[in-house]
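# Fold and geometry: a report
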Amino acid sequence: MIIEKSKDNSIKEVSIDDEQITVSDNMNFKTEKKHVDIKIEANDSKAKVEFENKELSLGENTINIVVIAENGDKKNYTLTINKIKGKGTATIKKFVLGSSEVEFENNKATITKLKNETSLDYSYELSDAKAKLKIYLNEKEITKLESLKENDKIKLIVLDENDNENTYEIIITNSPAIVSTIINGHAVNGRIHICKLT
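Below, the structure is looked at part by part. (Residues numbered from 1 in each chain as written. Predicted model: local features only at pLDDT ≥ 70, side-chain atom pairs only at ≥ 80, totals over all residues. Heavy atoms only, no water.)

### A look at the pairing of strand β12 (residues 132-137)
Applicable threshold: Strand pairing is assigned whenever DSSP identifies at least 2 bridges connecting the two strands. Only DSSP runs of H or I reaching four residues or more are called helices, and only runs of E reaching two or more are called strands; each is numbered from the N terminus.
Note that β12 and strand β14 (residues 153-159) share 6 bridges and pair antiparallel. By the bridge assignment for β14, Lys134 is matched with Ile157. Here 3 bridges tie β12 to strand β13 (residues 140-142), and the two strands are oriented antiparallel to one another. Looking at β13, one finds that Leu137 is bridged to Lys140.

The following block contains the structure:
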């Protein structure tokens, strides 16, 4: 007696991050995450399911699914995962520019530098060890804050582990120039002391 091998190459269930989605030849899912957990179960326990769960980039990501029946018949399914940009969860805990810590209000701040200062050192601490920081000066990504001038805009973008962004902005202003005019005298502690001539 010859027992025919099953030709069932249909899918019973698909779940992404424990959320079930409707099974069809072309399936869609939306997420803010860079990595998702995909589970696919065939109707026939003897069928094989093949697919590659890859890292997601922003926009549409196509995952090809192949179900191979016990008798070798194959059926292709398409899963399109749309990674959308979400609000970043990582934040700046501390950002030091020059010798001063920047105080942000609603992710914005203004700092004052001396007119002759053209470069500033910086250091920072993020809320998440897996997060990354990108720094832009007037919309150009940089690693050093150099050639600074008044009204320059520094943009800080914190990327969390899913590449979702949290943006901060710093505007640079110059401190007023201090001009001292001394007539027959000398300046002490910012005040003019006039010397009496005899």
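### A few points about the packing of aromatic side chains
Note the following rule: When the centres of two rings from Phe, Tyr and Trp lie within 6.5 Å, Trp using its six-membered ring, the rings pair. Their planes under 30 degrees apart give stacked, over 60 give edge-to-face, and anything left gives tilted. Note on classification: 1.4 Å probe, protein chains only; a residue is buried when its accessible area is under 20% of the maximum for its type, exposed when over 50%, partly exposed between these limits. Working rule: Lys NZ or Arg CZ, within 6 Å of ring centre, within 35 degrees of ring normal, means a charge sits over the ring.
Under the counting rule described, the total for this entry stands at 2 aromatic pairs. With centroids separated by 6.0 Å and ring planes inclined at 10 degrees, the aromatic side chains of Phe95 and Tyr122 adopt a geometry described as stacked. In this pair, Phe95 sits in strand β8 (residues 92-97) while Tyr122 sits in strand β11 (residues 122-126), placing the two residues 27 residues apart along the sequence. Residue classification places Tyr122 among the partly exposed residues on the basis of a relative accessible area of 26%. Aromatic side chains Phe104 and Tyr168 sit 5.0 Å apart centroid to centroid with 65 degrees between the ring planes, which places their arrangement in the edge-to-face category. Placement of Phe104 in the loop between β9 (100-101) and β10 (108-113) and of Tyr168 in strand β15 (residues 165-174) is noted, with a sequence separation of 64 residues between them. The ring of Tyr136 is capped by Lys155, whose NZ or CZ atom sits 5.7 Å from the centre of that ring.

### Section: the nonpolar core
Selection criterion: Note on terminology: a nonpolar core comprises buried Ala, Val, Leu, Ile, Met, Phe, Trp, Tyr and Cys residues joined through side-chain atoms within 4.5 Å. Whether two residues are in contact is decided by their heavy atoms, any of which lying within 4.5 Å being enough.
In terms of nonpolar packing, the biggest core is built from 22 residues, with Ile92, Phe95, Leu97, Leu133, Ile154, Leu156 and Val158 touching the most fellow members. At the level of secondary structure, the elements contributing two or more residues to this core comprise β8, β10, β12, β14 and β15. What Leu156 contacts, discounting residues up to four positions off in sequence, is Ile92, Phe95, Phe104, Leu133, Lys134, Ile135, Asn166, Thr167, Tyr168 and Ile170.

### Digging into the sheet that holds strand β5 (residues 48-50)
Note the threshold: Interaxial angles span 0 to 180 degrees and are taken between N-to-C directions of axes, which are lines fitted to C-alpha atoms, for helices over the stretch in contact.
Within the open sheet, the 4 strands sit side by side as β3-β7-β6-β5. Their pairing is mixed. Either end of the sheet is taken by a strand with one partner, and the two such strands are β3 (26-31) and β5. Adjacent strand axes in the sheet meet at a mean angle of 25 degrees when their direction is disregarded. Where β3 lies against strand β7 (residues 74-83), 6 bridges are found, and the strand directions are parallel.

### Notes on the pattern of salt bridges
Where side chains of opposite charge bring their charged atoms close, a pairing between them can arise. Heads up, the condition is: Throughout this description, the term salt bridge denotes a Lys or Arg side-chain nitrogen within 4 Å of a carboxyl oxygen of Asp or Glu.
Tallied over the full model, the rule gives 11 salt bridges. With a closest N to O distance of 3.8 Å, Lys46 and Glu70 form a salt bridge. Of this pair, Lys46 sits in the loop between β4 (38-42) and β5 while Glu70 sits in the loop between β6 (59-68) and β7; the two residues are 24 residues apart in sequence, bridging distant segments of the chain. For Lys46, a relative accessible area of 56% gives the class exposed.

### Quick look at unusual backbone geometry
For Asn106, which is not glycine, the phi torsion reads 55 degrees and is therefore positive. Mapped onto the elements of the fold, Asn106 is located in the loop between β9 and β10. One non-glycine residue, Glu139, lies in the positive phi region at around 75 degrees.

### Here we look at the side chain of Asn162
For the record, the criterion: Within 3.5 Å is the distance limit for a polar contact, defined as a pair of N or O atoms, with the added protein rule that one can donate a hydrogen and the other accept it, and that residues adjacent in sequence qualify only through two side-chain atoms.
Structurally, Asn162 can be placed in the loop between β14 and β15. The exposure class of Asn162 is buried, given its relative accessible area of 17%. Within the structure, Asn162 has its side chain in polar contact with the backbone nitrogen of Lys34 (distance 2.9 Å). If we skip the residues at most four places from it in the chain, Asn162 touches Glu32, Lys33, Lys34, His35 and Lys83.

### Topic: the sheet that holds β11
Reading across from one edge, β9-β8-β11 is the order of the 3 strands in this open sheet, with antiparallel pairing throughout. Looking at which strands have only one partner, the edges of the open sheet turn out to be β9 and β11. Looking at chain direction, β8 and β9 are connected through 2 bridges and run antiparallel. Opposite Val96, over in β9, you have Glu101 as the bridge partner.

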